[in-house]
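Chain by chain, the residues run as shown.
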Amino acid sequence: MYTANVSSSFGTLFRVTTFGESHGPAVGAVVDGCPPRIELTQEMIQSELDRRRPGQSNLVSQRKESDTVEILSGVLDGLTLGTPIGLLVRNEDARSRDYDEMREKYRPSHADFAYDQKFGIRAWSGGGRASARETVGRVAAGAIAKQVLKGFGVEVVAWVEKVHHLTASIDPLLVTTEQVEATPVRCPDSESAAQMIAYIEEVRKAGNSVGGVIGCVARGVPAGWGAPIFDKLEADLAKALLSLPACKGFESGDGFAGTNLTGLEHNDEFYADDEKHVYTPTNRSGGIQGGISNGQPITIHAAFKPTATIMHEQHTVTTEHENTTLKGRGRHDPCVLPRAVPIVEAMVALVLVDHAMRQRALS
Ligand SMILES: Cc1cc2nc3c(=O)[nH]c(=O)nc-3n(C[C@H](O)[C@H](O)[C@H](O)COP(=O)(O)O)c2cc1C
């Protein structure tokens, strides 16, 4: 026998482990390394989970989960103890019969085939840990990370920037959570939001799915967080976001669009104000240089593919590798973007809080 190295843990000093299968009894997380005496209540975590929950609107999966979080340890009288924080969310609405056929047939572009190749066994009902249900633990842990970051004056805001061909123009310096939460699609530009909602509805009715792009900003990050070589801030952010289900692309700062510019156009020139505070009027670097924050807002984008499970017959194979076809069944997100917004914020917060702890340990 050998020991499988299939980590479900993330972070170095602020370390999160998630657990649970989509149709198992519960999902959750253990957060180790959270500093003591941080204000933390069940409500603070619940409000983030409510943003991630299925069944919020017609645009998302209709699985009925209250996603009520129980804090099992690490908190006393509304303050963290500095000991491991156990977070549990019970699964309430697993409907295994929707997955009967998927026991024997692999969903195209889902994780079923790859899991079988790796483990020789798979929690076929509900997609196991490949289901976005696993992100419940991340969002719960991310809510704690956000609380810690608040003490550093850091806020993280994500939004839906693009759904298929519909793109909104959002200013990362000004966008607020209230604007993001104003529509069920979580695009802070109301005109674009209305178009996106209509489009996702149309796609859903056709039994199809679409993807898009999420933008995210972290404001208030001081200069000096990050690491110079393998744990560069943008490398850790890329890993954090690409570890999300359905995430297929990551950009830091101007990303790929920056390749259309020359150095003369692209460089962020430094200035010092009257208080000798250094700033750059442009922010094409996305607040990170040499893997370390430079004090400007950290701006990133993440691309999410169209949901794999669709209500159309497509070619696939059985677990015995016979050719067959499969039509998706059950309750699925026609577009994962609206629910991915709080998940992206959680992952960005987890990376930042870990680097905040690492910077504190250095000084
Ligand atoms: C918020 C969110 C909701 C999702 N909902 C579904 C869903 O309802 N049906 C589905 O097939 N995939 C859904 N996914 C994506 C799958 O979990 C993912 O595509 C699958 O695990 C395969 O992984 P990969 O796409 O990263 O390769 C969702 C992803 C996210 C982030």
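Structure: see above.
Since the structure is predicted, the reported quantities are computational estimates derived from the model, not experimental observations. (Residues numbered from 1 in each chain as written. Predicted model: local features only at pLDDT ≥ 70, side-chain atom pairs only at ≥ 80, totals over all residues. Heavy atoms only, no water.)

### Here's the deal with the sheet that holds strand 1 (residues 9–10)
What the 5 strands build is an open sheet, ordered 1-2-3-7-4; its pairing is antiparallel. Each of the sheet's edge strands pairs with one partner strand only, and the pair in question is strand 1 and strand 4 (69–71). Sheet topology note: the strand 4/strand 7 (residues 85–90) ladder contains 3 bridges and is antiparallel. Bridge pairing in strand 7 places V69 opposite V89. The strands that helix 1 (residues 42–52) touches are strand 4 and strand 7; relative to strand 4, the one it contacts most, it runs at about 150°. (Pairing = 2+ DSSP bridges. Helix = DSSP H or I, 4+ residues; strand = E, 2+ residues; numbered from the N terminus. Contact = heavy atoms within 4.5 Å. Axes fitted to C-alpha atoms, helices over the stretch in contact; angles between N-to-C directions.)

### Here's the deal with the packing of aromatic side chains
Per the stated rule, a full pass over the model turns up 4 aromatic pairs. Aromatic side chains Y106 and F113 sit 5.3 Å apart centroid to centroid with 75° between the ring planes, which places their arrangement in the edge-to-face category. The exposure class of Y106 is buried, given its relative accessible area of 3%. Positioned above the aromatic ring of F119 is the side chain of K118, whose terminal nitrogen or guanidinium carbon lies 6.0 Å from the ring centre. (Phe/Tyr/Trp six-rings, centres within 6.5 Å; stacked < 30°, edge-to-face > 60°. Buried < 20%, exposed > 50% of the residue type's maximum accessible area, 1.4 Å probe, protein only. Lys NZ or Arg CZ within 6 Å of the ring centre and 35° of its normal.)

### Focus on a nonpolar patch on the surface
On the surface, V6, Y115, F119 and I121 cluster together into a nonpolar patch covering about 360 Å² of accessible area. Of note, F119 is situated in helix 2 (residues 112–119). (Patch = residues over 30% accessible without salt bridge, like charges linked within 9 Å, V, L, I, M, F, W, Y side chains within 5 Å. Areas by Shrake-Rupley, 256 points an atom, 1.4 Å probe, with all protein chains shown as cover. Salt bridge = Lys/Arg side-chain N within 4 Å of Asp/Glu carboxyl O.)

### Side note on the pattern of salt bridges
All chains considered together, the criterion is met by 24 salt bridges. For E70, the salt bridge is made with R90, and the minimal N-O distance between the two is 2.9 Å. Residue E70 is located in strand 4, and its partner R90 is located in strand 7; the two are separated by 20 residues in the primary sequence. Residue R358 is joined to D231 by a salt bridge in which the shortest nitrogen-to-oxygen separation is 2.8 Å. Note that R358 is positioned in helix 8 (residues 337–362) and D231 in the loop between strand 10 (212–219) and helix 6 (233–242), a separation of 127 residues in sequence. For R358, a relative accessible area of 24% gives the class partly exposed.

### Here we look at the sheet that holds strand 11 (residues 247–252)
Spatial ordering of the open sheet is given by 9-8-10-16-11, a layout of 5 strands whose pairing is antiparallel. In this open sheet, the two strands that pair with only one neighbour each are strand 9 (166–167) and strand 11. Note: strand 8 (residues 155–163) against strand 10, 8 bridges, orientation antiparallel. The residue bridging V157 from the neighbouring strand is V217, located in strand 10.

### Quick look at the side chain of S192
Turning to its location among the elements, S192 is positioned in helix 5 (residues 190–205). Within the local environment of S192, its side chain forms a polar contact with the side chain of D189, the two groups lying 2.4 Å apart. Not counting residues up to four positions away in its chain, the partners in contact with S192 are T167, A168 and C187. (Polar contact = N/O pair within 3.5 Å; in protein donor to acceptor, adjacent residues only side chain to side chain.)

### As for the nonpolar core
Residues F14, L241, F304 and L352 are the most contacted members of the largest nonpolar core, which totals 81 residues. For this core, the element with the most residues is helix 8, which contributes 15 residues. Those residues in contact with L352 that lie beyond four places of it in its chain are L149, V154, V156, A218, V221, W225, L233 and I298. (Core = buried A, V, L, I, M, F, W, Y, C linked by side-chain atoms within 4.5 Å.)

### Some thoughts on the site of the ligand
Lining the immediate environment of the ligand, one finds 16 residues, of which A130, K305, T309, H332 and D333 sit closest. A distance of 3.3 Å is found between an oxygen atom of the ligand and a side-chain nitrogen or oxygen belonging to H110. Between the ligand and the protein, one listed contact pairs an oxygen atom with a backbone N or O atom of A130 at 2.7 Å. Here the ligand has 630 Å² of accessible area as a free molecule, and 88% of this is covered by the chains. A class-by-class count of the residues in the shell around the ligand yields 8 nonpolar, 4 polar and 4 charged. (Near = heavy atom within 4 Å. Nonpolar A, V, L, I, M, F, W, Y, C, P; charged D, E, K, R; others polar.)

### Quick look at the packing of helix 3 (residues 135–150) against helix 8
Running from amino to carboxyl end, helix 3 crosses helix 8 at an angle of 50°, the nearest separation of the two axes being 7 Å. Comparing their axes, helix 8 and helix 3 come out oblique. In the crossing of helix 3 with helix 8, the sense of the turn from one axis to the other is left-handed. For the pair helix 3 and helix 8, the contacting residues are T135, R138, V139, A141, G142, A145, K146, V148 and L149 in the first and P342, I343, E345, A346, M347, A349, L350, L352, V353 and M357 in the second. Of the residues contributing to the contact of helix 3 with helix 8, the split by class is 14 nonpolar, 2 polar and 3 charged. (Parallel < 35°, antiparallel > 145°, perpendicular 65-115°, else oblique. Left-handed = near helix turned anticlockwise from the far one by under 90°.)

### Structural notes on the environment of H110
Among the structural elements, H110 can be located in the loop between strand 7 and helix 2. Its relative accessible area of 26% is what places H110 among the partly exposed residues. Counting along the chain gives 185 residues from H110 to G295, while the straight-line C-alpha distance between them is 39 Å. In contact with H110, not counting residues within four places along its chain, are A130, A308 and T309.

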